[in-house]
Amino acid sequence: MKINARSVALDTLLKIFKQKSYSNIALNNALEKSQLSPIDKALTTQIVYGTVQYKLYLEYQLKSLVQTKLKEDYLWPLLLMSAYQYFFLDKIPTASIVDEANKLAKSYSPKGSQSYRLVNGILRSLVRRGEILPEEKDAVKYMSIKYSYPQWLVKYCLDHFGKTKTISILQAGNMPSVNSIRIADMSKKDEILHKLATEYKISISNLTNHNVNLDHGSITNSQLFKDGLITIQDSAASLVVDAFNFKGDEKVLDACSAPGGKTAQIAEYLTTGKVFALDIHQKKLNLVKQTLTRLHQDQKLIMKALDARKVNEYFFGQQFDKILVDAPCSGLGLIRRKPEVRYEKQMEDLKHLSEIQYNILDHVAGLLAENGELVYSTCTISIEENEDVVKRFLTNHPDFSLAPFEVGNLSKCKMIKIFPDDYNSDGFFIAKFVKRG
Ligand SMILES: C[S@@+](CC[C@H](N)C(=O)[O-])C[C@H]1O[C@@H](n2cnc3c(N)ncnc32)[C@H](O)[C@@H]1O
């Protein structure tokens, strides 16, 4: 069979569902290898992301129609992606969705298999019956299916953020993610914007003036990217480093640095200063080195593979002027970029991660110089990993206090929580502490 948008989508979904590959990585690899036109690439992307985003909804639609065990691995992803097209892609005629599914079934099945008949029958029944949803009076179950999030997460949001905000957060997680870049060399902003506008529809982020949203991806092939004038970074993520007050000569510790987006941004603020980048995974430090080299900041970089909970042994007797803890977290603020995150995380993960986050903060705290600044950030929206960690840290470290800070277009405050529905960005949390002299 000829390779087309749907066959690339099906191969990618098989990798995501069967081999547990990350959707963004599996999709980028598949698109890079394929010879698809830009329009077909866009369709593949929409089908893959949409099918993963709406997996629970689509399973609910299909389950009662599948009355036999599906023998071949590709059948369930094929049914899911066909149902996705039927319910969400208005411009594709139903007949062509069913027809394309039949063709894929014929080409993916072993010779002589009748599976295409099964696919045909299930899809025709789905079209005849239409959408079904649980009763609205069970709000958690209803919203779990309608927006395709696990019940624990819907309940968590309802309990903590209320119904209106919950719906808005859940909907935001099902939107296409924004292609956001940060201008690394702001002295060339006008020239960079001009060049970007020749290839992209651009809009300045409503969070910060150093980020620009592009209407499509593949920016890594551009000369601006290769020359290190821009970098890929979400606008909420790019606020974290702005929370520090840099002079330029500081010794900075970036305790959880890979892949290095924020390390590079720290280095851009430094003149004679140095940034020490740690990560628990040696391999990931290669990415940090690559990022800083591309952005011409590698001379200010010192790297070490280290568990940030062991910094006191390694840096015994040393002090840092500034410390960033951009902690490992549940990633609930990144759901639109990594839609499968919602199915992988459990309530227990929030507690477990908050222990790690607190321990990292607790250990690096001893290395901060008097009057030094410590910034804590996560790309998640849970209370356990954010406000609770801050509270616990303050209780156990009376020499630290929260320091008000002002970043981007936001007003001054002591902690910032950006929900994914607030500014069309990733969800992020930022808190800044100072150590009293
Ligand atoms: C949220 S990411 C950091 C992103 C990075 N700051 C950036 O802007 O590109 C968290 C990183 O912490 C690392 N990590 C996890 N546990 C760690 C630990 N105990 N000590 C140091 N690094 C850790 C992970 O490998 C991951 O690369």
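Since the structure is predicted, the reported quantities are computational estimates derived from the model, not experimental observations.

Caption draft 1: Representation of the UniProt feature "active site" (unreviewed entry) in the protein chain in the model. With numbering aligned to this structure, UniProt lists the feature "active site" (unreviewed entry) at Cys-379. Residues in contact with Cys-379, not counting those within four places in the same chain, are Ala-237, Cys-329, Gly-331, Gly-333, Leu-334, Asp-426, Gly-427 and Phe-428.

Caption draft 2: Summary view of the sheet that holds strand S2 (residues 202-204). Taken together, the 4 strands give an open sheet; going across it, the order is S2-S3-S1-S4, and neighbouring strands pair in antiparallel fashion. The open sheet is flanked by S2 and strand S4 (230-232), the only strands paired with a single partner. Averaged over neighbouring strand pairs, the angle between their axes works out to 35 degrees when direction is ignored. Relative to strand S3 (residues 211-214), strand S1 (residues 179-183) runs antiparallel, the two sharing 4 bridges. If you follow Asn-179 over to S3, its bridge partner there is Leu-214.

Caption draft 3: Local environment of the site of the ligand. Near the ligand, the surroundings consist of 19 residues, among which Cys-256, Gly-261, Lys-262, Ala-308 and Asp-326 are the closest. Within the residue set of the shell around the ligand, elements represented by two or more residues are helix H13 (261-269) and strand S6 (274-279). Across the shell around the ligand, the residue classes tally to 9 nonpolar, 4 polar and 6 charged.

Caption draft 4: Molecular detail of the UniProt feature "binding site: S-adenosyl-L-methionine" (unreviewed entry) in the protein chain. As recorded in UniProt, the feature "binding site: S-adenosyl-L-methionine" (unreviewed entry) lies at Cys-256, Ser-257, Ala-258, Pro-259, Gly-260, Gly-261, Lys-262, Asp-279, Asp-307 and Asp-326. Looking at where Pro-259 falls in the secondary structure, it is placed in the loop between strand S5 (251-254) and H13. Tracing the backbone shows Gly-261 in helix H13. Residue Gly-261 is classed as buried on the basis of its 22 C-beta neighbours within 10 Å. Residue contacts for Gly-261: discarding those within four places in its chain leaves Thr-231, Gln-233, Ala-237 and Thr-291.

Caption draft 5: Seen up close, the packing of helix H1 (residues 5-18) against helix H3 (residues 38-53). Two elements in contact, H1 and H3, have axes separated by 9 Å at closest approach and are oriented at 35 degrees. Crossing handedness for the pair H1 and H3: right-handed. Contacts between H1 and H3 involve Ala-5, Arg-6, Val-8, Ala-9, Thr-12, Leu-13 and Ile-16 on the former and, on the latter, Asp-40, Leu-43, Thr-44, Ile-47, Val-48, Thr-51 and Val-52.

Caption draft 6: How the structure looks around helix H6 (residues 94-108). Look at H6: 21 Å from first C-alpha to last across 15 residues, which is about the 21 Å you get at 1.5 Å a residue. Regarding H6, the residues found buried are Ile-97, Val-98, Ala-101, Leu-104, Ala-105 and Tyr-108. Buried residues along H6 cover an arc of 125 degrees about the axis, so they all sit on one side. The exposed set on the far side of H6, more than 90 degrees from its buried face, consists of Ala-95 and Ser-96. Those residues of H6 hidden inside the fold are in contact with H1, helix H5 (75-88) and helix H7 (115-129).

Scoring rules and cut-offs
- Residues numbered from 1 in each chain as written.
- Predicted model: local features only at pLDDT ≥ 70, side-chain atom pairs only at ≥ 80, totals over all residues.
- UniProt positions renumbered as here; feature names shortened; annotations may be inferred.
- Contact = placed C-beta atoms within 7 Å.
- Pairing = 2+ DSSP bridges.
- Helix = DSSP H or I, 4+ residues; strand = E, 2+ residues; numbered from the N terminus.
- Axes fitted to C-alpha atoms, helices over the stretch in contact; angles between N-to-C directions.
- Near = placed C-beta within 6 Å.
- Nonpolar A, V, L, I, M, F, W, Y, C, P; charged D, E, K, R; others polar.
- Buried ≥ 20, exposed ≤ 12 C-beta atoms within 10 Å, placed from the backbone.
- Left-handed = near helix turned anticlockwise from the far one by under 90°.
- Expected span 1.5 Å × (residues − 1).
- Arc of directions from axis to C-beta.

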